[in-house]
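If you want the building blocks of each chain, they are given just below.
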Amino acid sequence: MKKKQLILKTKEEIELIRQSGIILGKAHAEVAKLIRPGISTNELNKRAEEFIIDHKGKPSFKGYNGFPASLCISVNDKVVHGMPGTYELKDGDIVSIDCGVILNEYHSDSAYTYFVGDVHPDIQKLLSVTKESLELGIKQAITGARIGDIGYAIQAHVEKHGFTVVRELVGHGVGKFLHESPEVPNYGKRGQGMKLETGLVIAIEPMVNMGTKNIVQEKDGWTIRTADRKPSAHFEHTVAVNNGKADILTTFEYIEEVLKTKYGQTVIY
């Protein structure tokens, strides 16, 4: 973590993060337009970077601890931190796109997992359950709740459907730093952990595996994949803790408009 102390945000700072999140959501949508069999992950990265810069933002990930790209692109058994390259998406793949934007000195961070062409129903279920677990975790991000309430909601939903939650990788605080305190695990016990305060901004990001929860790091020093090489899905929002209801500062709206246009109907996940 870059900063150990808890940094609560003012209403004005939260609005700045929301503005960053809008650019981020639109950058995701530009990538969503391109996802199809035959496109390289380098091309996806190039489009996202161009869009962010054209809209006065900066990619959060590029150069972060030496990471070479603006997107983390993780295909199939890759969990997170996949590096763009010459790989061309294939029919039946799933691909997680994780992106961050700096605008007016504030970061936003979100991820979305897409299917490419025709995907096996079991893998479609993996994506659906992962996205649902994110929504359930967000519902717990309210003033007076505990960090463990978020993790419990995610873990319980995932395991009910026979999938597993990655333990070594967690969500985090977001603000002027891409990674701030606190850590936000995707597992836990209700009523346990730090009490959530109004003004806390966090990235909630379930990483869910079809098989074992165990992961390994590849030789590139970045890419994390499942130990059994079964598929993994990842969805993420940046949210502000608030009284009664979490305030979601990033958006999937623009992504899902694109998916609806591409597939002619609302995508079930």
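Criteria and cut-off values
- Residues numbered from 1 in each chain as written.
- Predicted model: local features only at pLDDT ≥ 70, side-chain atom pairs only at ≥ 80, totals over all residues.
- Heavy atoms only, no water.
- Helix = DSSP H or I, 4+ residues; strand = E, 2+ residues; numbered from the N terminus.
- Rg over C-alpha atoms; globule rule 2.2 N^0.38 Å.
- Buried < 20%, exposed > 50% of the residue type's maximum accessible area, 1.4 Å probe, protein only.
- Contact = heavy atoms within 4.5 Å.
- Areas by Shrake-Rupley, 256 points an atom, 1.4 Å probe, with all protein chains shown as cover.
- Lys, Arg positive; Asp, Glu negative; His and termini not counted.
- Charge placed at Lys NZ, Arg CZ, Asp CG, Glu CD.
- Pairing = 2+ DSSP bridges.
- Axes fitted to C-alpha atoms, helices over the stretch in contact; angles between N-to-C directions.
- Parallel < 35°, antiparallel > 145°, perpendicular 65-115°, else oblique.
- Left-handed = near helix turned anticlockwise from the far one by under 90°.
- Nonpolar A, V, L, I, M, F, W, Y, C, P; charged D, E, K, R; others polar.
- Expected span 1.5 Å × (residues − 1).

Colleague: When you look at the overall build of the protein chain in this model, what are you seeing that I'm missing?
Modeller: From N to C terminus, the protein chain includes five helices and 16 strands. In summary, the protein chain has a C-alpha radius of gyration of 17 Å against a globular reference of 18 Å for 269 residues, a match within 12%. For the protein chain, the proportion of its 269 residues judged to be buried stands at 53%. For the protein chain, the share of sequence-separated contacts (at least 6 apart) that also reach a separation of at least 24 residues comes to 72%. Here the protein chain displays about 11700 Å² of accessible surface, and carbon together with sulfur accounts for 50% of that area. Positive and negative side-chain charges in the protein chain, numbering 34 and 34 respectively, have mean positions lying 3 Å apart.

Colleague: Even after reading the chapter, I still don't get the sheet that holds strand 12 (residues 215-217), so can you show me in this structure?
Modeller: In any sheet, the strands associate via hydrogen bonds between backbone groups, in a parallel or an antiparallel arrangement. Spatial strand order, 4-13-12: three strands in an open sheet with antiparallel pairing. Either end of the sheet is taken by a strand with one partner, and the two such strands are strand 4 (78-80) and strand 12. Put simply, the sheet's adjacent strands are angled 40 degrees from each other on average, direction ignored. Pairing analysis gives two bridges linking strand 4 to strand 13 (residues 224-226), with the strands arranged antiparallel.

Colleague: I would appreciate a short explanation of the packing of helix 1 (residues 11-34) against helix 5 (residues 253-263) in the present structure.
Modeller: To characterise two packed helices, one gives the angle between the axes of the helices and the distance between these axes. Contact pair helix 1 / helix 5: the axes reach a minimum separation of 7 Å and the direction vectors enclose 20 degrees. Relative to helix 5, the element helix 1 is oriented roughly parallel. Handedness of the crossing formed by helix 1 with helix 5: right-handed. Counted together, Ile22, Gly25, Lys26, His28, Ala29, Ala32 and Lys33 of helix 1 and Tyr254, Ile255, Val258 and Lys262 of helix 5 form the full contact between these two elements. Classifying every residue of the contact of helix 1 with helix 5 by side-chain character gives six nonpolar, two polar and three charged.

Colleague: What's the story with the side chain of Gln155 in this structure? I'm lost.
Modeller: Of note, Gln155 is situated in helix 4 (residues 147-160). In this structure Gln155 comes out as buried when scored by relative accessible area, which is 14%. Sequence-distant contacts of Gln155, defined by excluding residues within four places in its chain, comprise Val165, Arg167, Asn186, Tyr187 and Gly188.

Colleague: How should I be thinking about the packing of helix 3 (residues 121-139) against helix 4 in this particular structure?
Modeller: In contact at an axis separation of 8 Å, helix 3 and helix 4 are set at 155 degrees when each is read in the N-to-C sense. One element, helix 3, and the other, helix 4, form an angle in the roughly antiparallel class. At the point where helix 3 passes helix 4, the crossing takes the right-handed sense. Counted together, Val129, Glu132, Ser133, Leu136 and Gly137 of helix 3 and Ile150, Ala153, Ile154, His157 and Val158 of helix 4 form the full contact between these two elements. A breakdown of the residues in the contact of helix 3 with helix 4 according to their chemical character gives six nonpolar, three polar and one charged.

Colleague: What is the right way to look at helix 3 in this model?
Modeller: In an α-helix, one full turn covers 3.6 residues, which means residues spaced three or four apart are oriented alike. Its 19 residues give helix 3 an end-to-end C-alpha distance of 27 Å, which sits within 8% of 27 Å, the value for a rise of 1.5 Å per residue. Listing the buried residues of helix 3 in full gives Ile123, Leu126, Leu127, Ser128, Val129, Thr130, Lys131, Ser133, Leu134, Gly137 and Ile138.

Colleague: Is there a simple way to explain the sheet that holds strand 7 (residues 164-165) in this structure?
Modeller: In spatial order, the strands read 7-11-14; together these three strands make up an open sheet with antiparallel pairing. Only two strands of the sheet have a single partner each, and these edge strands are strand 7 and strand 14 (232-234). Examined bridge by bridge, strand 11 (residues 207-209) and strand 14 share three bridges and lie antiparallel to one another. Residue pairing across strands places Val208 opposite Ala233, the latter belonging to strand 14. Against the sheet, helix 3 contacts strand 11 and strand 14, and its axis sits at roughly 35 degrees relative to strand 14.

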